[in-house]
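Chain by chain, the residues run as shown.
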Amino acid sequence: MSARRTLRRAFEPFRRPPSPRGALAIGGLAVAAIVLQNAPSGALPPPTPPNTPPTTEATATRAPFAAGALHGHLALAEGALLAHGERTLMAELQVSARGEGRVAEAPPSAVVLVLDTSGSMAGEKIDQARRAVLRVVDRMGERDLFGLVTYASGAHVVAPLAPVGGRRAALRAQILGLMPGGGTQIPSGLRAGHALLQNARHGDFTRRLVLVSDGIDGSGTGPAGAAALVRPWAVSGVTVASLGIGVDYQESYLTAVADAGRGAYAFLATGSELEGFLTAELEAASKTVVESAVAELRLPPGARLVRLAR
């Protein structure tokens, strides 16, 4: 593991590979290539530039669509299919969350930080964590919601989820009062953080839960159990990101959380890099205009989906 931060999950529109039924998680821009069988092969048309306004005219190989803040097209490699025999056909699905001539307005963010305050965070780590959280709160908008949960031998709600505006001074005092001590019970922190996010209605806010850990979970849940805990939250529109600090954290556990939560994962050699990770998460939340979008592809009789690529 390098001394620099290593990103395992980039901040990208697709948080995980599409499922076999063709469901796509879409952020600012998403492009997927679809391979169908029972059609002649051919070259895939070049992708449309992101800022190109959507066309309203359908062709034999291109079908545009629009719904709310989304627009895009489904493009086929060929305009005609053979009646007999087995062939492979390439198709491209491109979706953009940009409105025509303008950028769709993003909803306010609802961010809950689940922070490790176990005994191993004592000293420089907790000092750096306090500074990083303070700077992130300073960057948040008046309408954005922020909540803070700490966990050690159990979970504690330090700051309930509420608008940042009007309580920055109170949040500062709560953050500066963070003290380390105890074990590392990660699931209790995750559950408490998710419970806070229930106060932010899906669709009204971009909901994000960020887990920070510098140690090994002591609950006995394991990576599979953590994934099972988080996965339903992602389906309901909560993105869960995870961050490991130092060299003693449990990488398999944190990657399982990020994978199931369709979020980012990163390793930081020191706590001084925490601010950059949290700022990137906040920026990603503030720029998200569409969540939980699903594309359904209905195939004609005799055709079958061979592969989804992105």
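See the structure above.
Residues numbered from 1 in each chain as written. Predicted model: local features only at pLDDT ≥ 70, side-chain atom pairs only at ≥ 80, totals over all residues. Heavy atoms only, no water.

Novice: What is the right way to read the pattern of salt bridges from this model?
Specialist: Pairs can form between side chains of opposite charge once their charged atoms are near each other. Enumeration over the complete set of coordinates arrives at 7 salt bridges. Linking Arg 130 and Asp 127 is a salt bridge whose minimum nitrogen-to-oxygen distance equals 2.6 Å. Taken together, the residues span about one helical turn, with Arg 130 and Asp 127 both in helix α1 (residues 124-139) at a distance of 3 residues. In this structure Asp 127 comes out as partly exposed when scored by relative accessible area, which is 34%. Across the pair Glu 281 and Arg 208 runs a salt bridge, and its minimum N-O distance is 3.0 Å. Within this pair, whereas Glu 281 is found in helix α6 (residues 274-286), its partner Arg 208 is found in strand β9 (residues 206-213), the two being separated by 73 residues in sequence. Assigned by exposure class, Glu 281 and Arg 208 land together as buried. If you follow the salt bridges from partner to partner, you end up with Arg 135, Arg 139 and Glu 275 in one network. (Salt bridge = Lys/Arg side-chain N within 4 Å of Asp/Glu carboxyl O. Helix = DSSP H or I, 4+ residues; strand = E, 2+ residues; numbered from the N terminus. Buried < 20%, exposed > 50% of the residue type's maximum accessible area, 1.4 Å probe, protein only.)

Novice: Can you walk me through the packing of aromatic side chains in this structure?
Specialist: Within a pair of aromatic rings, the relevant descriptors are the distance that separates the centres and the angle that separates the planes. Applying the stated rule across the entire model yields 1 aromatic pair. When the ring of Tyr 249 is compared with that of Phe 267, the centres are 5.9 Å apart and the planes differ by 25 degrees; the resulting orientation is stacked. Residue Tyr 249 is located in the loop between β10 (238-245) and α5 (251-261), and its partner Phe 267 is located in strand β11 (residues 262-268); the two are separated by 18 residues in the primary sequence. Looking at Tyr 249, the relative accessible area reads 8%, which means it is buried. Exposure remark for Phe 267: the relative accessible area of 4% places this residue in the buried category. (Phe/Tyr/Trp six-rings, centres within 6.5 Å; stacked < 30°, edge-to-face > 60°.)

Novice: Help me understand the side chain of Ser 213 in this model?
Specialist: Summarising the element assignment, Ser 213 is placed in strand β9. Non-local contacts of Ser 213, meaning those with residues more than four positions away in its chain, are made with Asp 116, Tyr 151, Thr 184, Ile 186, Leu 243, Gly 244, Ile 245, Tyr 249 and Leu 254. (Contact = heavy atoms within 4.5 Å.)

Novice: Hey, could you run me through empty space enclosed by the protein in this one?
Specialist: Remark: the empty space left among the atoms is shown by a probe the size of a water molecule rolled over them. Here the structure, examined in full by the defined rule, presents 2 cavities of 30 Å³ or more. A volume near 90 Å³ is recorded for the second largest cavity. Considering the residues around the second largest cavity, the lining is formed by Val 111, Leu 113, Val 133, Val 136, Val 137, Phe 146, Val 210, Leu 278, Glu 281 and Leu 282. Here the residues of the lining of the second largest cavity sort into 9 nonpolar, no polar and 1 charged. (1 Å grid on protein atoms, 1.4 Å probe; cavity = no way out; pocket = protein on both sides within 12 Å on 5 of 7 lines; lining within 4 Å. Points joined across faces, edges and corners; volume = space filled by probe spheres on them. Nonpolar A, V, L, I, M, F, W, Y, C, P; charged D, E, K, R; others polar.)

Novice: Please explain the packing of helix α4 (residues 222-235) against α5 as it appears in this structure.
Specialist: Geometrically, a packed helix pair is captured by the angle between its two axes and the distance between the axes. As a packed pair, α4 and α5 sit with axes 7 Å apart at the nearest point and diverge in direction by 20 degrees. Classed by the angle they form, the pair α4 and α5 counts as roughly parallel. Handedness of the crossing formed by α4 with α5: right-handed. Note on element contacts: α5 touches α4 through Ser 252, Tyr 253, Ala 256, Val 257, Ala 260 and Gly 261, opposite Gly 222, Pro 223, Ala 226, Ala 227, Val 230, Arg 231 and Ala 234. Along the lines of polarity and charge, the residues of the contact of α4 with α5 split into 9 nonpolar, 3 polar and 1 charged. (Axes fitted to C-alpha atoms, helices over the stretch in contact; angles between N-to-C directions. Parallel < 35°, antiparallel > 145°, perpendicular 65-115°, else oblique. Left-handed = near helix turned anticlockwise from the far one by under 90°.)

Novice: What's the story with the pairing of strand β6 (residues 109-116) in this structure? I'm lost.
Specialist: For a regular strand, side chains alternate in direction, first toward one face of the sheet and then toward the other. Among the 8 residues that make up β6, 8 are buried, leaving the element largely enclosed by the rest of the structure. As judged from the 7 bridges shared by β6 and β9, these two strands associate in the parallel manner. The residue bridging Ala 110 from the neighbouring strand is Arg 207, located in β9. Crossover handedness for the path β6 to α1 to strand β7 (residues 145-151): right-handed. (Pairing = 2+ DSSP bridges. Right-handed = clockwise from strand over helix to strand, strands pointing away.)

Novice: What exactly am I supposed to notice about the pairing of strand β8 (residues 155-163) here?
Specialist: In the sheet, β7 pairs with β8 via 6 bridges, with the strands oriented antiparallel. Within the sheet, the bridge partner assigned to Phe 146 lies in β8 and is Ala 162. Where β7 folds back on β8, the antiparallel hairpin that results is connected by 3 residues.

Novice: Looking at this model, I keep getting lost on the environment of Leu 274. Mind explaining?
Specialist: Here Leu 274 shows up in helix α6. With residues up to four places along the chain from it excluded, the contact list for Leu 274 reads Ala 129, Ala 132, Val 212, Leu 243 and Leu 268.

Novice: Honestly, the environment of Gly 154 in this entry has me stumped. Any pointers?
Specialist: Residue position: Gly 154 is located in the loop between β7 and β8. Exposure remark for Gly 154: the relative accessible area of 33% places this residue in the partly exposed category. Along the primary structure Gly 154 and Ala 192 are separated by 38 residues, whereas in three dimensions their C-alpha atoms are 9.9 Å apart. Ignoring anything within four residues of it in the chain, the contact list for Gly 154 reads Gln 185 and Ser 188.

No statement about biological role is implied by the geometric values presented.
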